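Chain residues, written in single-letter form:
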Amino acid sequence: MNNSMPRFITLLVSLAAAVVLIFLMARLLPPSVASILLDINRGSWPFTIQNVLWLAFFAGLGELAIRWRAGRIEEQQLGRDYLPVKDSTVLRPGEDMTPIYQRVRDSRYRRVCFLPRLIERCVLNFNLTQSVEQANALLNSSLDLFLHELDLRYNIIRYITWLIPSLGFIGTVVGIMLALNYAGDRANVESPEMLYEVTQRLGVAFSTTLLALIMASILVFLQNLIQGREEHTLNRSGQYCLDHLINRLYSR
């Protein structure tokens, strides 16, 4: 559903959950694990690339939660009996269309969900043109438009799944640069711990990319599941209109 306020609230809740998780991991995890997941040993902590990754990851989860809820509402529309499923008689323009149109108009979801929008368009078109062919053509074109509209709703999550690996690579490059700067400092050349320090910094740098790739793969997997569910519901809505509306229309 395209309401900016629920999306903003979900974003705030997701970021707050990410902050709570970060500080819990910082307190409960062993230092070696916390160094990989949070880069807790860095002097700029908590302002690290890893923490930014966690914030972006939870923002993506919040966006997916919005899409999952929208898909659930779309599925519920199929059980609202907008069309006379049990009655198999033909539907004529005028009196037969009025009860259907009124049920759609009374729905609070008629402007945001696919099924009531499909039914309203087809009913209005059939009442005006009294042409079954035009109503069927309108149904097909509307399904194509809705499929494109559904794909556009995933632009934000697609950007987040691109942003997370990019941040991981940035963190790796920054980590390598800092490790080389440390190794190139003349004050550290003869230090017995120089090799240990450099390898530890490089290990944390490469773990940033690993963490980012794992997060991105999780988000992409969930996105495919949720988007596939919404597309399947849209296909069911089109089949519902075709079986119980278009195929039953009759005009002399």
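See the structure shown above.
Note that the structure is a prediction, hence the values are computed from the model and not measured.

A look at the packing of helix α1 (residues 4–28) against helix α3 (residues 49–77)
So, step 1. Two numbers describe how α1 lies on α3: the axes approach to 8 Å, and their chain directions differ by 140 degrees. As the angle between them shows, α1 and α3 are arranged oblique. The chirality of how α1 crosses α3 is right-handed. In contact with Arg7, Thr10, Leu11, Ser14, Leu15, Ala17, Ala18, Val19, Leu21, Ile22 and Met25 of α1, α3 contributes Asn51, Trp54, Leu55, Phe58, Ala59, Gly62, Glu63 and Ile66.
So, step 2. Of the residues in the contact of α1 with α3, the class split is 13 nonpolar, four polar and two charged.

Quick notes on a positive patch on the surface
So, step 1. Where like charges cluster on the molecular surface, the positive patch consists of Arg69, Arg72, Arg80 and Arg108.
So, step 2. Within the secondary structure, Arg80 sits in the loop between α3 and α4 (97–105).
So, step 3. Classification of Arg80 by relative accessible area gives partly exposed; the value is 40%.

Comments concerning the pattern of salt bridges
So, step 1. Considering all chains together, one arrives at eight salt bridges under this definition.
So, step 2. Residue Arg229 is joined to Glu75 by a salt bridge in which the shortest nitrogen-to-oxygen separation is 2.9 Å. With Arg229 in helix α9 (residues 194–244) and Glu75 in helix α3, the pair connects residues that are 154 residues apart, well separated along the chain.
So, step 3. Across the salt bridge formed by Arg153 and Glu149, the nearest N and O atoms sit 2.6 Å from each other.
So, step 4. Through salt bridges with shared partners, one network takes in Arg105, Arg110 and Glu120.

Structural notes on the side chain of Asp39
So, step 1. The residue Asp39 is located in the loop between α2 (31–38) and α3 in this model.
So, step 2. Residue classification places Asp39 among the buried residues on the basis of a relative accessible area of 6%.
So, step 3. With residues near it in sequence (within four places) discarded, Asp39 still touches Ala34, Trp45, Thr48, Gln50 and Val204.

Focus on helix α5 (residues 114–129)
So, step 1. For α5, spanning 16 residues, the distance from its first C-alpha to its last is 22 Å, which sits close to the expected 22 Å at 1.5 Å a residue.
So, step 2. Listing the buried residues of α5 in full gives Phe114, Leu115, Pro116, Arg117, Leu118, Ile119, Glu120, Cys122, Val123, Asn125 and Phe126.
So, step 3. Note on α5: the residue one or two positions beyond its end, Gln130, has a positive phi of about 55 degrees.

Some words on a nonpolar patch on the surface
So, step 1. A cluster of nonpolar side chains, contributed by Met5, Phe8, Ile9, Leu12 and Val13, occupies part of the molecular surface with about 490 Å² of accessible area.
So, step 2. As for its position among the elements, Val13 is in helix α1.
So, step 3. Exposure remark for Val13: the relative accessible area of 54% places this residue in the exposed category.

Definitions and limits used
- Residues numbered from 1 in each chain as written.
- Predicted model: local features only at pLDDT ≥ 70, side-chain atom pairs only at ≥ 80, totals over all residues.
- Heavy atoms only, no water.
- Axes fitted to C-alpha atoms, helices over the stretch in contact; angles between N-to-C directions.
- Helix = DSSP H or I, 4+ residues; strand = E, 2+ residues; numbered from the N terminus.
- Parallel < 35°, antiparallel > 145°, perpendicular 65-115°, else oblique.
- Left-handed = near helix turned anticlockwise from the far one by under 90°.
- Contact = heavy atoms within 4.5 Å.
- Nonpolar A, V, L, I, M, F, W, Y, C, P; charged D, E, K, R; others polar.
- Patch = residues over 30% accessible without salt bridge, like charges linked within 9 Å, V, L, I, M, F, W, Y side chains within 5 Å.
- Areas by Shrake-Rupley, 256 points an atom, 1.4 Å probe, with all protein chains shown as cover.
- Salt bridge = Lys/Arg side-chain N within 4 Å of Asp/Glu carboxyl O.
- Lys, Arg positive; Asp, Glu negative; His and termini not counted.
- Charge placed at Lys NZ, Arg CZ, Asp CG, Glu CD.
- Buried < 20%, exposed > 50% of the residue type's maximum accessible area, 1.4 Å probe, protein only.
- Expected span 1.5 Å × (residues − 1).

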